Amino acid sequence: MRRLHFLLLLSLFACTFLPQIANAQSPLIGINICGAEFGEKNLPGTLNVDYRYPTTTEISYFSRKGFKLLTLPFKWERIQHEPGGELDARELELIKAFIVNCSNYGMNVTLTMQNFAAYFKGRKEYTLGTARLSNKDFKDVWQKIAAALTGYNNIYGYDIMNEPRNIFGRHWRKAAQAAIDGIREADMNVNIIVDGENSSFTYDWQKDNNKLRKLKDPADKIIYDAHCYFDFDHSGRYDDKYINRINPNVGVECAEPFIAWLKKYKKKGIIGEFGVPANDSRWLEAMERFLAYITKKGIPANYWAAGEWWNDYPLSVHPQNGIDKPQMRILEKYLNTGKEAEVKR
């Protein structure tokens, strides 16, 4: 009887406490670390002149702060110099080195194609879904990326296209499905992250992106990515037009429609970009309330942004002269407290 009693207690402990321990290791608050997508007016450009990759010093800093997830934006034109062509070996090695570097610090990685559904060749811009930049091309590049990176166990997900613009409704859905199909030809395990059209804004998600719920993934690992900035036009520019009407709950109010959509359709989601300037304490208060809300709901989010080349960018949380930015003090409160990227039901 004593042995049975002990086993029952052990089982109760496992059911009660072990899931909480496991969840604490899952990424909730991550950060976009920029540089590899810079220099978009000079493509493919020159490394460390037009663009750069995060250094070990940067990765180490965010690891010490408690971040477990770094998102790396990159450019399609650099990884593949011609749509449908082979991947650029040097660029691929730089991405692999970043993934390994993050792994050494116990960090997961998301790769996001920062192209806004366009491809620049020479001085011309081609829009995804047209004859010069087809969905077949989109499927091809992601199939090749996924195949090249199979085997790295710290890749959290592939964000197939950041804020796709000038491609709407069923056209973006078809393009996204093509990328999903391409990735699944090479990898059945990785998460696939899908932004909404235009700004992918949380507040308008139901109206603009409702049909994305019909995307099909044989691995059932789609994560829907919405962006949430708190200024009047949700652009993240934070100009003076709204400065006298800052609502401390604006972040919560902006996020609510997206989270309600996830719950209604039982989908997984992430807020792939959010951020505030530090020039007004009211923005910081709004961000803290926003973080408290999404943490309670179990929704992951990535701060925008970090990277040494941001310089005086108001939203940057890159340390300056060894001093943390004010936003970082708030972010640190919400690190390593999360659950998997699925809304509570």
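Residues numbered from 1 in each chain as written. Predicted model: local features only at pLDDT ≥ 70, side-chain atom pairs only at ≥ 80, totals over all residues. Heavy atoms only, no water.

Q: Break down the confidence of the model for the chain for me, with residues and values.
A: Any region with low pLDDT has predicted coordinates that should not be read closely. Here the chain shows a mean pLDDT of 89. Residues at 70 or above account for 89%. For residues 1-26, every residue scores under 50 in pLDDT, and the model assigns this stretch nine contacts once sequence neighbours within four places are set aside. Across residues 337-345 the pLDDT falls below 50, and counting only partners more than four positions away or on other chains, this stretch makes 31 contacts in the model. (pLDDT = per-residue confidence, 0-100. Contact = heavy atoms within 4.5 Å.)

Q: Give a detailed account of the sheet that holds strand β3 (residues 108-113), specifying residues and quantitative values.
A: Taken in spatial order, the eight strands close into a barrel running β1-β2-β3-β6-β7-β8-β9-β10, and their pairing is parallel. Within the sheet, the average angular offset between the axes of one strand and its neighbour, ignoring direction, is 30°. Bridge analysis of strand β6 (residues 155-159) against strand β7 (residues 191-195) gives three bridges, and the strand direction is parallel. Looking across to β7, one finds that Gly 157 is bridged to Asn 191. Across the sheet, helix α4 (residues 89-104) touches β1 (29-33), β2 (69-74), β3 and β6, and the angle it forms with β3 is around 150°. (Pairing = 2+ DSSP bridges. Helix = DSSP H or I, 4+ residues; strand = E, 2+ residues; numbered from the N terminus. Axes fitted to C-alpha atoms, helices over the stretch in contact; angles between N-to-C directions.)

Q: Could you give an account of the environment of Gly 269, naming the residues involved and the relevant values?
A: On the secondary structure map, Gly 269 appears in strand β9 (residues 268-274). Among the residues examined, Gly 269 registers a relative accessible area of 0% and is labelled buried. Linking Gly 269 and Phe 258, residues 11 residues apart in sequence, is a C-alpha distance of 8.5 Å. (Buried < 20%, exposed > 50% of the residue type's maximum accessible area, 1.4 Å probe, protein only.)

Q: Could you give an account of the packing of aromatic side chains, with specific residues and numbers?
A: The relation between two aromatic rings is expressed through the spacing of the ring centres and the mutual angle of the planes. Within the structure shown, the criterion is met by 22 aromatic pairs. Pairing Phe 74 with Trp 142 gives two aromatic rings, centres 6.0 Å apart and planes at 75°, and the pair type is edge-to-face. Of this pair, Phe 74 sits in strand β2 while Trp 142 sits in helix α5 (residues 135-149), and the two are 68 residues apart along the sequence. For Phe 74, a relative accessible area of 2% translates into the label buried. (Phe/Tyr/Trp six-rings, centres within 6.5 Å; stacked < 30°, edge-to-face > 60°.)

Q: Just give me the short version of the layout of surface pockets, but keep the residues and values in it.
A: By volume, the largest pocket is sized at about 460 Å³. Taken together, 21 residues line the largest pocket, and the ones lying closest to its centre are Phe 116, Glu 163, Arg 165, Glu 273 and Trp 304. Its residues assigned to classes, the lining of the largest pocket comprises seven nonpolar, eight polar and six charged. (1 Å grid on protein atoms, 1.4 Å probe; cavity = no way out; pocket = protein on both sides within 12 Å on 5 of 7 lines; lining within 4 Å. Points joined across faces, edges and corners; volume = space filled by probe spheres on them. Nonpolar A, V, L, I, M, F, W, Y, C, P; charged D, E, K, R; others polar.)

Q: Can you explain the side chain of Arg 52? Please cite residues and give values.
A: Relative to the helices and strands, Arg 52 is located in the loop between β1 and α2 (56-65). Given the relative accessible area of 6%, Arg 52 is considered buried. Among the polar contacts made by the side chain of Arg 52, one reaches the side chain of Glu 308 at a distance of 3.3 Å. Sequence-distant contacts of Arg 52, that is, excluding residues within four places in its chain, are made with Gly 35, Ala 36, Leu 47, Glu 58, Glu 308 and Trp 309. (Polar contact = N/O pair within 3.5 Å; in protein donor to acceptor, adjacent residues only side chain to side chain.)

Q: An account of the packing of helix α8 (residues 250-265) against helix α9 (residues 281-297) is requested, with residue identities and associated values reported.
A: At a minimum axis separation of 7 Å, α8 and α9 run at an interaxial angle of 30°. When the interaxial angle is binned, α8 and α9 end up roughly parallel. You can see that α8 and α9 cross each other, and the crossing is right-handed. Together, Val 250, Gly 251, Val 252, Ala 255, Glu 256 and Ile 259 of α8 and Trp 283, Ala 286, Arg 289, Phe 290, Tyr 293, Ile 294 and Lys 297 of α9 make up the contact between the two elements. (Parallel < 35°, antiparallel > 145°, perpendicular 65-115°, else oblique. Left-handed = near helix turned anticlockwise from the far one by under 90°.)

Q: For the side chain of Glu 37, give the residues involved together with the corresponding values.
A: Mapped onto the fold, Glu 37 is located in the loop between β1 and α2. The buried charged residue Glu 37 lacks any salt bridge partner; its closest oppositely charged side chain belongs to Arg 78, at an N-O distance of 6.8 Å. Among the polar contacts listed, one links the side chain of Glu 37 to the backbone nitrogen of Gly 35, at a separation of 2.9 Å. Setting aside residues up to four positions removed in sequence, Glu 37 forms contacts with Pro 73, Phe 74, Lys 75, Arg 78, Gln 114 and Trp 304. (Lys, Arg positive; Asp, Glu negative; His and termini not counted. Salt bridge = Lys/Arg side-chain N within 4 Å of Asp/Glu carboxyl O.)

Q: How would you summarise unusual backbone geometry if you had to cite specific residues and measurements?
A: That bond from Leu 43 to Pro 44 is cis: its omega, 0°, falls within 30 degrees of zero. In this structure, Pro 44 sits in the loop between β1 and α2. Residue Glu 163 is not a glycine yet carries a positive backbone phi of 40°. Within the secondary structure layout, Glu 163 lies in the loop between β6 and α6 (169-186). A residue is classified by how much of its surface remains accessible, and Glu 163, at 8% relative accessible area, is buried. In this model, Ser 200 sits at a positive phi of 55°, which is unusual for a non-glycine residue.

Q: Please provide a residue-by-residue account of the nonpolar core, values included.
A: Residues Phe 138, Trp 142 and Trp 172 are the most contacted members of the largest nonpolar core, which totals 100 residues. Contact partners of Trp 142, with chain neighbours within four places excluded, come to Phe 74, Leu 111, Met 113, Tyr 158, Asp 159, Ile 160, Ala 179 and Ile 183. Membership of the second largest hydrophobic core comes to five residues, among which are Tyr 156, Ile 193, Ile 223 and Ile 270. (Core = buried A, V, L, I, M, F, W, Y, C linked by side-chain atoms within 4.5 Å.)

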